[in-house]
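Letter by letter, the chains look like this.
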Amino acid sequence: MDGKPIMAIIYDFDKTLTPEDMQNYSFIPALGMTPQEFWGKTGEFSAKTGVERILSYMYMMICMAKEKGIKMTSEWLRSLGKDIKYFEGVTTWFNRINAYGLDNGVKVEHYLTSSGTKEIIDGCSIAKEFKMIYGCEFLFDDETGEPIWPKFAVNYTQKTQHLFRISKGVIEATDDDRLNEKTPVRRIPYRNIVYLGDGMTDIPMMILVKQNGGRSIAVYPRGKKEKVANLFDDGRVNYICVADYSSNSELEKVMKLIIDSIAVAWMLEKKEKSIITKKEQL
């Protein structure tokens, strides 16, 4: 119980922090296609071949880039991150939440788990805010610099492993040995974890966090509450909020209340431990 309690906020990316899928901003326009055309072809390929949908879009990114004569290097993908647009308040959200946490004795850490392209995320303006970013990655050929194989693929059920990694403090995606070791005390208790997502692909993570005592929040574009209302009605999330991350927004108010609750729970546990210690000394 020494030091400050640690809180983890885990985010989805596409349509949670951004209004659109990340590929829609620069990658797909570079192909000379519309998002509907690209995602339509990806869906057709998946249906025809039986390839899992996340692996399908990664494969189609490689194929389409080659077809259009684009050298899809890691550096080029990262350069696309600068064009990503965010929901209101996102770029200042992290500093405000961190500061509120510190003022109330809580250390806040931010994590990202996305089925999007990690190389694009790495080039975006908010990448530096996350302690760890989990996403779909390509393995690049050392000579050509172009992708030859998926390095990591993250679908909606695979996201759940990141909850265990973050809670145990074993955040490197390849560190399976320590992840599977028995841990008497978790670095971040489940009750100190919040998950933010936007819809159906986040449901396994939302449920797992909520069932383990954390909080799940579904966000939605202003005026489109119907997109997430069923998630609350079905008991899959604790809260639904407009995807407005600006100061004094409903989402910020909810997050501050959660930080308050973590601070109070920690102080109560600290007090209880102090009383037990005194009794043992009598």
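First things first, this report covers the structure right here in the doc. Note that the structure is a prediction, hence the values are computed from the model and not measured. (Residues numbered from 1 in each chain as written. Predicted model: local features only at pLDDT ≥ 70, side-chain atom pairs only at ≥ 80, totals over all residues. Heavy atoms only, no water.)

1. So, the sheet that holds strand 4 (residues 147–152)
Spatial ordering of the open sheet is given by 4-3-2-1-5-6-7, a layout of seven strands whose pairing is mixed. For this open sheet the edge positions go to strand 4 and strand 7 (239–242), each flanked by a neighbour on one side alone. Here the strands of the sheet are splayed against their neighbours by 25° on average, with no regard to which way each runs. The pairing of strand 5 (residues 193–197) with strand 6 (residues 215–220) spans four bridges and is classified as parallel. When the bridges of strand 6 are listed, Tyr-195 appears paired with Ser-216. Against the sheet, helix 9 (residues 203–211) contacts strand 1 (6–11), strand 2 (107–117), strand 5 and strand 6, and its axis sits at roughly 145° relative to strand 6. (Pairing = 2+ DSSP bridges. Helix = DSSP H or I, 4+ residues; strand = E, 2+ residues; numbered from the N terminus. Axes fitted to C-alpha atoms, helices over the stretch in contact; angles between N-to-C directions. Contact = heavy atoms within 4.5 Å.)

2. A closer look at the packing of aromatic side chains
All chains considered together, the criterion is met by 11 aromatic pairs. Each member of the aromatic cluster is reached from another via a ring pair, and the members are Phe-27, Phe-38, Trp-39, Tyr-57 and Trp-76. (Phe/Tyr/Trp six-rings, centres within 6.5 Å; stacked < 30°, edge-to-face > 60°.)

3. Some thoughts on the side chain of Glu-137
With respect to the helices and strands, the residue Glu-137 is situated in strand 3 (residues 132–140). Residues in contact with Glu-137, not counting those within four places in the same chain, are Met-58, Lys-118, Glu-119, Pro-150, Lys-151 and Phe-152.

4. Points about the nonpolar core
What tends to happen in soluble globular proteins is that the nonpolar side chains get buried as a cluster. Grouped together as the largest cluster of nonpolar side chains are 60 residues, with contacts concentrated most on Met-7, Phe-13, Leu-196, Ile-217, Tyr-245 and Met-255. Counting residues in hydrophobic clusters, the runner-up holds 25 residues, among them Tyr-111, Ile-188, Tyr-195 and Val-237. (Core = buried A, V, L, I, M, F, W, Y, C linked by side-chain atoms within 4.5 Å. Buried < 20%, exposed > 50% of the residue type's maximum accessible area, 1.4 Å probe, protein only.)

5. Considering helix 9
Those residues of helix 9 that sit buried are Ile-203, Met-205, Met-206, Leu-208 and Val-209. Its buried side turned inward, helix 9 meets strand 1, strand 2, helix 7 (160–168), strand 5, strand 6 and helix 10 (229–233). Positive backbone phi, at 95°, marks Gly-213, one or two positions downstream of helix 9.

6. Quick notes on the pattern of salt bridges
The final tally for this structure, using the stated rule, is 12 salt bridges. Its salt-bridge partner being Glu-109, residue Arg-187 comes within 2.7 Å of it at the nearest N-O pair. Highlighted residues: Arg-187 in the loop between helix 8 (176–180) and strand 5 and Glu-109 in strand 2, separated in sequence by 78 residues. Residue classification places Arg-187 among the partly exposed residues on the basis of a relative accessible area of 33%. We classify Glu-109 as buried; its relative accessible area is 5%. Residue Glu-129 pairs with Lys-128 through a salt bridge whose shortest N-O separation is 3.9 Å. Since its relative accessible area comes to 67%, Lys-128 is described here as exposed. A single network of salt bridges, built from pairs that share partners, joins Asp-12, Lys-159 and Asp-202. (Salt bridge = Lys/Arg side-chain N within 4 Å of Asp/Glu carboxyl O.)

7. Comments concerning the environment of Thr-49
Looking at the element boundaries, Thr-49 is found in helix 2 (residues 35–49). Judged by its relative accessible area of 40%, Thr-49 falls in the partly exposed class. Among the polar contacts made by the side chain of Thr-49, one reaches the main-chain carbonyl oxygen of Phe-45 at a distance of 2.7 Å. Side-chain polar atoms of Thr-49 contact the backbone nitrogen of Val-51, separated by 3.2 Å. (Polar contact = N/O pair within 3.5 Å; in protein donor to acceptor, adjacent residues only side chain to side chain.)

8. Structural notes on a nonpolar patch on the surface
On the surface, Leu-139, Ile-148 and Trp-149 cluster together into a nonpolar patch covering about 350 Å² of accessible area. By secondary structure assignment, the location of Trp-149 is in strand 4. Looking at Trp-149, the relative accessible area reads 60%, which means it is exposed. (Patch = residues over 30% accessible without salt bridge, like charges linked within 9 Å, V, L, I, M, F, W, Y side chains within 5 Å. Areas by Shrake-Rupley, 256 points an atom, 1.4 Å probe, with all protein chains shown as cover.)

9. As for the pairing of strand 3
Burial of strand 3 is extensive: eight of the nine residues sit out of reach of the surface. As paired strands, strand 2 and strand 3 are joined by four bridges and run parallel to one another. Looking across to strand 3, one finds that Thr-117 is bridged to Cys-136. With four bridges joining them, strand 3 and strand 4 adopt antiparallel strand pairing. For Phe-138, the partnering residue across the bridge sits in strand 4 and is Pro-150. Linking strand 3 to strand 4, which pair antiparallel, is a turn of six residues; within it Gly-145 sits at a positive phi near 80°.

10. Quick notes on helix 7
In terms of burial, helix 7 is largely enclosed, as seven of its nine residues are buried. Among all positions of helix 7, only Thr-160, His-162, Leu-163, Arg-165, Ile-166, Ser-167 and Lys-168 are buried. Gly-169 occupies a position one or two residues after helix 7 and carries a positive phi of about 85°.

Nothing here speaks to function; it is geometry throughout.
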